[in-house]
Amino acid sequence: MAAPGVQLIPSPEEIMQILKRTGAFREGHFVYPNGKHTAHYFQMPLAFRYYDTARVLAVALSRKFRVDRDIASQLPKVSVISPSSGGIPVAFGVRDALSAEQIYWAEQEGGKRMFRQYVNQGDIAPCIIVDDIIRSGHAIEETVELVRGLGAPIIGCGAIVHFTSAPNHIDDVPIKSLVEFDEKFYNSAEECLDCKAGAPEEHVRF
Ligand SMILES: [Zn+2]
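This write-up is about the structure you can find in this document.

Rules and cut-offs
Residues numbered from 1 in each chain as written. Predicted model: local features only at pLDDT ≥ 70, side-chain atom pairs only at ≥ 80, totals over all residues. Heavy atoms only, no water. Donors = N, O, S within 2.8 Å, 3.2 Å for Na, K, Ca; no water. Tetrahedral: all angles 85-135°; square planar, octahedral: opposite > 155°, others 65-115°. Helix = DSSP H or I, 4+ residues; strand = E, 2+ residues; numbered from the N terminus. Pairing = 2+ DSSP bridges. Contact = heavy atoms within 4.5 Å. Axes fitted to C-alpha atoms, helices over the stretch in contact; angles between N-to-C directions. Expected span 1.5 Å × (residues − 1). Buried < 20%, exposed > 50% of the residue type's maximum accessible area, 1.4 Å probe, protein only.

Within the protein, His29 (NE2), His37 (ND1), Cys192 (SG) and Cys195 (SG) serve as the donor atoms for the zinc ion, at 2.0 to 2.4 Å. Taken together, the four donor atoms coordinating the zinc ion span angles of 98 to 117° at the metal, a pattern that classifies the geometry as tetrahedral. Here the donor residues for the zinc ion map to a single chain with the spacing H-x7-H-x154-C-x2-C. In this pair, histidine 29 is assigned in strand S1 (residues 25–31) and cysteine 195 in helix H7 (residues 193–196), connecting sequence segments 166 residues apart.

Shown next as structure tokens:
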């Protein structure tokens, strides 16, 4: 039994069970648009379409930020930012749990990641960047550049799932996650064990 007042964060195994149950984590033989093959695929919005599940995941991630003294001391004057549409429900859930003041997100416009026009005209608060999943870290890195362009300090960063091959820090800010996933990618069909075994391929969009 936990001591009263201690807020438990579900274990990585419990998080993975939620992701499996909702179809957000899939096992098979997948081919990414860049030609890489893997035996696993995360489609995180499938977990976030169920409100209760979305809440459990976002609240759990928020607790990782809440225990960080630098972050806790700056609340509520904090912005929670998503690099893309997939992170928007995470951002809303984390904001709610932390009572942070602002949420905004980047979108792809003409192949470029951007914030909405005039975002820079509001109060610029210290930022926590959250996403549903960090695979390569490119989306986070592009968002870091955008946030720096606004002149906002980054005080936190995290995702529900973080691939161990992605960066684990932004400058000196550690990337927090509920699951560290060690994904194995095969660069081509020739290297892929599932291809060798003749397993049917599923092509995934991103
Ligand atoms: Zn393959």
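Between leucine 75 and the following residue, proline 76, the backbone shows a cis peptide bond with an omega angle of 5°. Summarising the element assignment, proline 76 is placed in the loop between helix H4 (69–72) and strand S3 (79–82). Positioned with a positive phi, serine 99 is a non-glycine residue whose angle comes to about 55°. Relative to the assigned elements, serine 99 resides in the loop between helix H5 (88–98) and strand S4 (102–109). Phi is positive for aspartate 171, close to 50°, though the residue is something other than glycine. As for its placement among the helices and strands, aspartate 171 is situated in the loop between strand S8 (169–170) and strand S9 (173–181).

What follows is about the sheet that holds strand S2 (residues 37–42). Taken in spatial order, the three strands make up an open sheet running S2-S1-S10, and their pairing is mixed. Each having just a single partner strand, S2 and strand S10 (202–203) make up the two edges of the open sheet. Strand direction decides the pairing type here: S1 and S10, joined by two bridges, are parallel. Across the sheet, phenylalanine 30 pairs through a bridge with glutamate 202, a residue of S10. Strands in contact with helix H1 (residues 12–21) are S1 and S2; relative to S1, the strand with the most contacts, it is inclined by about 65°.

Over its 16 residues, helix H3 (residues 51–66) extends 22 Å from the first C-alpha to the last, a length consistent with the 22 Å expected when each residue adds 1.5 Å. Along H3, the residues that are buried comprise Thr53, Ala54, Leu57, Ala58, Val59, Ala60, Leu61, Ser62 and Phe65.

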